[in-house]
Amino acid sequence: MISLWIIGIIVALLIINTVVALITVFIKPRSTVTVWAWILVLVLLPGVGFILYAFFGRGIAREKLFNFTSQEYLGVQQVKKMAVTDQNSIQLNSATDQTKYASSVVNFFNKTETTPITHHNEVELIFDGKEKFKKMFADIRAAKETVHVEYYAFIDSDIGDQLLSLLVDKANEGLEVRVLYDPWGSTHTKPSYFNPLKEAGGEVVQFITAKNSISKTRLNYHLHRKNVIIDGYIGYIGGFNVGDEYLGKSPKFGYWRDSHARISGTAVLLLQERFFMDWNASLSRRDKKLPFSEKYFPRDRSNKNSNIPIQIVADGPDNNEEILKDGFIDMIMKAKESVWLQTPYLTPDDAVFTALTIAARSGIDVRIMIPCMPDHAFIYRATQYYANLLIRYGVKVYTYENGFLHAKTSVIDGKYGSVGSMNHDYRSYQLNFEMNAFFYDTNVAQQIKNSFLKDLEVSHELTQEIVDQQSPWLKFKQRFSRLLAPIL
């Protein structure tokens, strides 16, 4: 009799748990696959699932969203006007032909009103960590007024020590030095690590989603951008964080293959504007917020020696739309010859998956390069699942075998391309604060394409025969991980 009471209580609790789980998940608008993933967690892990949801499933607190959406005073419109000042002077320049070729994508991003097409830019692509830090350190040493640093991961490491020491030196010289970082990505870096910079007069702030992370229980939203601006004239954007593994010093990963861009010209104004937005949103005191000023946004910033059109596109959960993801869908669907992508994580949602497969089945040369090893086990198994599935539709998938591939690049028809922080996974689409640079220039696109071809020399193509040889246990892990992909 007692056992029946116990069984009854357990059944009742499970029913209550299921009902509450359904109510909880449906309160916030989200994609169908994300809903099912959270229902799976909440139902299969009674009690524990709700704890996980409290920390990882809820939206950003309203007061934090307000910090992002109430910064028009910064001067976004002034920056936009400054960024496009020279547009009318290049009507006959060949670079304009590239913006016409990609006019659909350009117009799509332009409708966000904060991502104007900029001109008179110069771009240097960087595909090696040592080279990236060498160039960036040289630019920081030459800085005269300001150095703004924004990273997902600023790790207590040899290269981190070198960068921190350099920033301390510049602060001691009287420059304004600011560092904004995500504590989740910088897990092993204690706040005290930055004390020498603070003592020298520099400023260090953790990204807004780290504020009251326990009481607000929002641990799932990360600053994933990599953004450095020097004197408002030179900017760095891409995939490299600050850590020794990015220099190929990790025994686990070996050589670290990534992509970055050094930009000078009007596009740097938009990199600076994004840093300001992120910095001010993360400050506790309103009177400490950075104001719009020509000191930070110099008017004579155009690079007269080069005329590469660039759009800087930032996206995150503070937007109601998935701007970056939708822009990539537009790029894929408008491709005429080829779509080549590199991404360390490949868990596309239904819309991106459909765009890729339609393009491949329409005769477009769709190629995707992924790593040969995981840095996050669950995500890698889900990546394998989608890679196996995509090749059935004619998409060519390659695994990079010379270390770890962390590059987030794209090149369309060999005409234009992108470098930035966005991966092709649910996290980048919906949860992370990301930023990419889109280059509408054949020469830059060719450099991205050539780097892809060079990486192909040390990559293996995934074939159906290889997939068929995978063990049942591996395939089970892939399918199970795929179920959780929307919330990983």
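These figures come from a predicted structure and were not determined experimentally.

## Looking at the overall build of the protein
Looking only at helices and strands, the protein features 18 helices and 17 strands. Across the 488 residues of the protein, 59% fall into the buried class. Taking contacts inside the protein between residues at least 6 apart in sequence as the whole, the part at least 24 apart equals 83%.

## Examining the packing of helix 8 (residues 129-141) against helix 9 (residues 158-172)
Interaxial distance between helix 8 and helix 9 falls to 10 Å at its minimum, and their mutual angle equals 10°. Overall, the two elements helix 8 and helix 9 adopt an arrangement that is roughly parallel. The interaxial crossing formed by helix 8 with helix 9 has left-handed handedness. Residues Phe133, Met136, Phe137, Ile140 and Arg141 of helix 8 lie in contact with helix 9, whose contacting residues are Ile159, Gln162, Leu163, Leu166, Leu167 and Lys170. A per-class count over the contact of helix 8 with helix 9 returns eight nonpolar, one polar and two charged.

## Describing empty space enclosed by the protein
If you walk through the whole model with that rule in mind, you get two cavities of 30 Å³ or more. Estimated volume of the second largest cavity: approximately 30 Å³. Forming the walls of the second largest cavity are Phe328, Gln342, Lys408, Thr409, Ser410, Met422, His424 and Asn436. By residue class, the composition of the lining of the second largest cavity is two nonpolar, five polar and one charged.

## Observations regarding the nonpolar core
In this structure, Val123, Leu125, Ile263, Ile310, Ile312 and Phe439 are the most contacted members of the largest nonpolar core, which totals 47 residues. Contributing elements (two or more residues each) for this core: strand 1 (121-126), strand 8 (260-265), helix 11 (267-282), strand 9 (310-315), strand 12 (396-400), strand 16 (434-439) and helix 16 (442-456). In terms of residues, this core owes the most to one element, helix 11, which gives nine residues. Apart from residues lying up to four places away in sequence, Ile263 is in contact with Asn121, Glu122, Val123, Tyr233, Ile234, Gly235, Ile237, Val268, Ile310, Ile312, Ala437 and Phe439. Counting 43 residues, the second largest nonpolar core, distinct from the first, contains Val105, Met331, Phe353 and Tyr429.

## A short note on the pattern of salt bridges
What the rule picks out here adds up to 14 salt bridges. Measuring nitrogen to oxygen at the nearest pair gives 3.0 Å for the salt bridge that ties Lys170 to Glu173. In this structure, Arg178 and Glu176 form a salt bridge, with 2.8 Å as the shortest nitrogen-oxygen distance. You'll find Arg178 and Glu176 in the same group, each marked buried. A single network of salt bridges, built from pairs that share partners, joins Glu176, Arg178, Glu203 and Lys295.

## Details of the sheet that holds strand 1
Taking strand neighbours across the sheet as the criterion, the seven strands line up as 1-8-6-5-2-3-4 in an open arrangement whose pairing is mixed. The open sheet has two edge strands with one neighbour each: strand 1 and strand 4 (203-206). Sheet twist, expressed as the mean angle between neighbouring strand axes with direction ignored, is 15°. The sheet contact formed by strand 2 (residues 146-151) and strand 5 (residues 227-230) spans four bridges and is antiparallel. Considered in strand 5, the bridge of Val149 is made with Val228. Where helix 9 meets the sheet, it contacts strand 2 and strand 3 (176-181), and its direction lies at approximately 145° from that of strand 3.

## Let's talk about the packing of helix 13 (residues 350-361) against helix 14 (residues 377-390)
One way to put it is that helix 13 packs onto helix 14 with a least axis distance of 11 Å and a crossing angle of 30°. One element, helix 13, and the other, helix 14, form an angle in the roughly parallel class. The two elements helix 13 and helix 14 cross, and the hand of that crossing is right-handed. Residues Phe353, Leu356 and Thr357 of helix 13 pack against Tyr386, Leu389 and Leu390 of helix 14. For the contact of helix 13 with helix 14, the class distribution of residues is five nonpolar, one polar and no charged.

## A few points about the side chain of Thr399
Summarising the element assignment, Thr399 is placed in strand 12. Accessibility expressed as a relative area gives 16% for Thr399, which makes it buried. Among the polar contacts listed, one links the side chain of Thr399 to the side chain of Glu401, at a separation of 2.8 Å. For Thr399, the contacting residues outside a window of four places in its chain are Ile370, Pro371, Cys372, Val458, Ser459 and His460.

## Looking at helix 12 (residues 323-334)
The terminal C-alpha atoms of helix 12 lie 16 Å apart, and with twelve residues this matches the ideal 16 Å at 1.5 Å per residue to within 8%. Burial within helix 12 is extensive, with nine of its twelve residues counted as buried.

## Describing unusual backbone geometry
Non-glycine residue His120 carries a positive phi angle of around 55°. Summarising the element assignment, His120 is placed in the loop between helix 7 (103-110) and strand 1. We note that Asp413 has phi near 60°; this positive angle belongs to a residue other than glycine. Within the secondary structure, Asp413 sits in the loop between strand 14 (409-412) and strand 15 (416-420).

## Some words on helix 14
For helix 14, with 14 residues, the first-to-last C-alpha span of 20 Å sits near the 20 Å given by 1.5 Å per residue. Along helix 14, eleven of the 14 residues are buried, which leaves the element largely enclosed by surrounding structure. When helix 14 is considered as a whole, its buried residues turn out to be Ile379, Tyr380, Ala382, Thr383, Gln384, Tyr385, Tyr386, Ala387, Asn388, Leu389 and Leu390. In this structure, the buried side of helix 14 is in contact with helix 13, strand 11 (365-371), strand 12, helix 15 (426-431), helix 17 (464-468) and helix 18 (472-484).

## Re the packing of aromatic side chains
Describing an aromatic ring pair means giving the distance of the ring centres and the angle of the ring planes. Inspection of every chain in the model, using the stated rule, returns 26 aromatic pairs. Measuring from centroid to centroid gives 5.1 Å for Phe276 and Tyr296, while their planes differ by 70°, and the two rings are edge-to-face. Here Phe276 is found in helix 11, whereas its partner Tyr296 is found in the loop between helix 11 and strand 9, with 20 residues between them in sequence. Summarising the aromatic geometry, the rings of Phe353 and Tyr393 are spaced 5.8 Å apart at their centres and angled 85° between planes, so their arrangement reads as edge-to-face. One end of the pair, Phe353, is in helix 13; the other, Tyr393, is in the loop between helix 14 and strand 12, with 40 residues separating them in the sequence. Among the residues examined, Phe353 registers a relative accessible area of 14% and is labelled buried. Through successive ring pairs, a cluster of aromatic residues spans Phe108, Phe109, Phe328 and Phe438. The ring of Phe133 carries Lys132 above its face, with NZ or CZ at 4.1 Å from the centroid. The aromatic ring of Tyr101 is capped on one face by Lys336, whose charged end is 4.7 Å from the ring centroid.

Rules used in this analysis
- Residues numbered from 1 in each chain as written.
- Predicted model: local features only at pLDDT ≥ 70, side-chain atom pairs only at ≥ 80, totals over all residues.
- Heavy atoms only, no water.
- Helix = DSSP H or I, 4+ residues; strand = E, 2+ residues; numbered from the N terminus.
- Buried < 20%, exposed > 50% of the residue type's maximum accessible area, 1.4 Å probe, protein only.
- Contact = heavy atoms within 4.5 Å.
- Axes fitted to C-alpha atoms, helices over the stretch in contact; angles between N-to-C directions.
- Parallel < 35°, antiparallel > 145°, perpendicular 65-115°, else oblique.
- Left-handed = near helix turned anticlockwise from the far one by under 90°.
- Nonpolar A, V, L, I, M, F, W, Y, C, P; charged D, E, K, R; others polar.
- 1 Å grid on protein atoms, 1.4 Å probe; cavity = no way out; pocket = protein on both sides within 12 Å on 5 of 7 lines; lining within 4 Å.
- Points joined across faces, edges and corners; volume = space filled by probe spheres on them.
- Core = buried A, V, L, I, M, F, W, Y, C linked by side-chain atoms within 4.5 Å.
- Salt bridge = Lys/Arg side-chain N within 4 Å of Asp/Glu carboxyl O.
- Pairing = 2+ DSSP bridges.
- Polar contact = N/O pair within 3.5 Å; in protein donor to acceptor, adjacent residues only side chain to side chain.
- Expected span 1.5 Å × (residues − 1).
- Phe/Tyr/Trp six-rings, centres within 6.5 Å; stacked < 30°, edge-to-face > 60°.
- Lys NZ or Arg CZ within 6 Å of the ring centre and 35° of its normal.

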